[in-house]
Amino acid sequence: MEVKIAQNAGFCFGVKRAMQTAWDELENKTEDKIYSLGPLIHNKQAVDKYKEKGLVEHDDLDNIPSDSKLIIRSHGVAEKVYTDSKSRNMEIVDTTCPFVKKIHNIAKDYYEKGYKIIIVGNPTHPEIIGINGWCNNEAIIISSLEEIDNITFDPTELYHVVSQTTANLELFDKIVEKLKTKIDNLTVQNTICSATKERQLSAIDLAKEVDCMVVIGGKHSSNTQKLVNICKEIVPTFSIETKDELEKEAFAAFKVAGVTAGASTPDWIIDEVIEYLKEI
Ligand code: SF4
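No experiment lies behind these values; they were computed from the predicted model shown.

What counts as what
- Residues numbered from 1 in each chain as written.
- Predicted model: local features only at pLDDT ≥ 70, side-chain atom pairs only at ≥ 80, totals over all residues.
- Heavy atoms only, no water.
- Helix = DSSP H or I, 4+ residues; strand = E, 2+ residues; numbered from the N terminus.
- Areas by Shrake-Rupley, 256 points an atom, 1.4 Å probe, with all protein chains shown as cover.
- Lys, Arg positive; Asp, Glu negative; His and termini not counted.
- Charge placed at Lys NZ, Arg CZ, Asp CG, Glu CD.
- Axes fitted to C-alpha atoms, helices over the stretch in contact; angles between N-to-C directions.
- Parallel < 35°, antiparallel > 145°, perpendicular 65-115°, else oblique.
- Contact = heavy atoms within 4.5 Å.
- Nonpolar A, V, L, I, M, F, W, Y, C, P; charged D, E, K, R; others polar.
- Expected span 1.5 Å × (residues − 1).
- Buried < 20%, exposed > 50% of the residue type's maximum accessible area, 1.4 Å probe, protein only.
- Arc of directions from axis to C-beta.
- Near = heavy atom within 4 Å.
- Salt bridge = Lys/Arg side-chain N within 4 Å of Asp/Glu carboxyl O.

(A) Geometry of the overall build of the chain. For the chain, the count of helices and strands is 9 helices and 12 strands. If one aligns the C-alpha atoms of the chain with their principal axes, the spans along those axes are about 65 × 55 × 25 Å. Surface accessibility of the chain: about 14200 Å² in total, with carbon and sulfur atoms responsible for 47%. The average position of the 33 basic charges and that of the 45 acidic charges among the side chains of the chain differ by 2 Å.

See below:
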């Protein structure tokens, strides 16, 4: 089987950087354990590999011993996490993606200038919880057009809009347009990261060139399933988490397979799938 790989597949720049930094820390550690606040990524195989190396994850800072080393993942955290962990003498390894860090700085800067911060995104996503923590947890978080009808905006206030890095551009634009009809003093910064879009465009390009597509990533990963749906519209598409789910017989009718992967899929899992397909 001939195998082609999407130009942008798997880890984005920010996740790759965070995972490599965490791995280097684990390789060179002098302490028994290193802690992370929440899972580094949503990929079981990767999480297990890091656990074996001595990474312990907790969702709550209070469950992490003082004086320990703490990895902050690429999603970033609220300002309070830095102050609380410093006051407990923790050593911070900060792998916050620079694109997310930029939004923290914007939120803090505009909040301190007296603006009300509006974030377009999912209110339960760790990235949004983190950004909100840089404007005193006072941001207005909007995830749909309908929600705007239930919000009362103060005409004497200034408002500044930012977005979750993985927000959908079309929805962001529509929300901003609607906000403009309700708020006079509105400034907007589109802080959507291009990584998701690039991965989707690469998948479309590749799907047009091959007989079938294999999309690797979590069944519950929304960016992976989005790739699956995009590819399905073009060619027969297999959605898998690891190579173990592949069955040779299923590829009997195909000569060229395309491979892409969601943002939380490590390179070694992609490589195993490619090797397996090439052997068919
Ligand atoms: S999707 Fe973009 S913002 Fe998010 S971690 Fe990746 S590079 Fe950073």
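(B) The packing of helix α1 (residues 13-27) against helix α2 (residues 44-52), seen in detail. Two elements in contact, α1 and α2, have axes separated by 10 Å at closest approach and are oriented at 25 degrees. As judged from the angle between their axes, α1 and α2 are roughly parallel. For the pair formed by α1 and α2, the contact residues are M19, A22, W23 and L26 on the first element and A46, K49 and Y50 on the second. For the contact of α1 with α2, the per-class residue count stands at 6 nonpolar, no polar and 1 charged.

(C) Inspection of helix α4 (residues 98-112) at higher detail. Compared with an ideal rise of 1.5 Å per residue, which puts 15 residues at 21 Å, α4 spans 21 Å between its outermost C-alpha atoms and is within 8% of the ideal. Where α4 is concerned, the buried positions are V100, I103, H104, I106, A107 and Y110. Viewed along the axis of α4, the buried residues span an arc of 165 degrees, placing them on a single side of the element. Contact partners of the buried residues in α4: β6 (116-120), α5 (126-132), β8 (159-163) and β9 (186-188). Among the residues trailing α4, G114 stands out with phi positive, at a value near 100 degrees.

(D) Here's a closer look at unusual backbone geometry. Here the phi dihedral of D67 falls at roughly 70 degrees; this positive angle occurs in a residue that is not glycine. Structurally, D67 is set in the loop between β3 (55-58) and β4 (69-72). Of the residues examined, D67 reaches a relative accessible area of 54% and is grouped as exposed. Positive phi, normally seen in glycine, also occurs at N89, with a value near 60 degrees. As for its position among the elements, N89 is in the loop between α3 (79-87) and β5 (91-94). Residue N89 is classed as exposed on the basis of its relative accessible area, which comes to 55%.

(E) Up close: the site of the ligand. Surrounding the ligand, one finds C12, G14, C97, F99, T165 and C193. Its residues placed into classes, the shell around the ligand shows 4 nonpolar, 2 polar and no charged.

(F) Geometry of the pattern of salt bridges. Summed over all chains, the structure comprises 15 salt bridges. Two residues, K80 and D84, come together in a salt bridge whose shortest N-O distance is 2.7 Å. Here K80 and its partner D84 are both found in helix α3, 4 residues apart, which amounts to about one turn of the helix. Through salt bridges with shared partners, one network takes in E25, K69 and E91.

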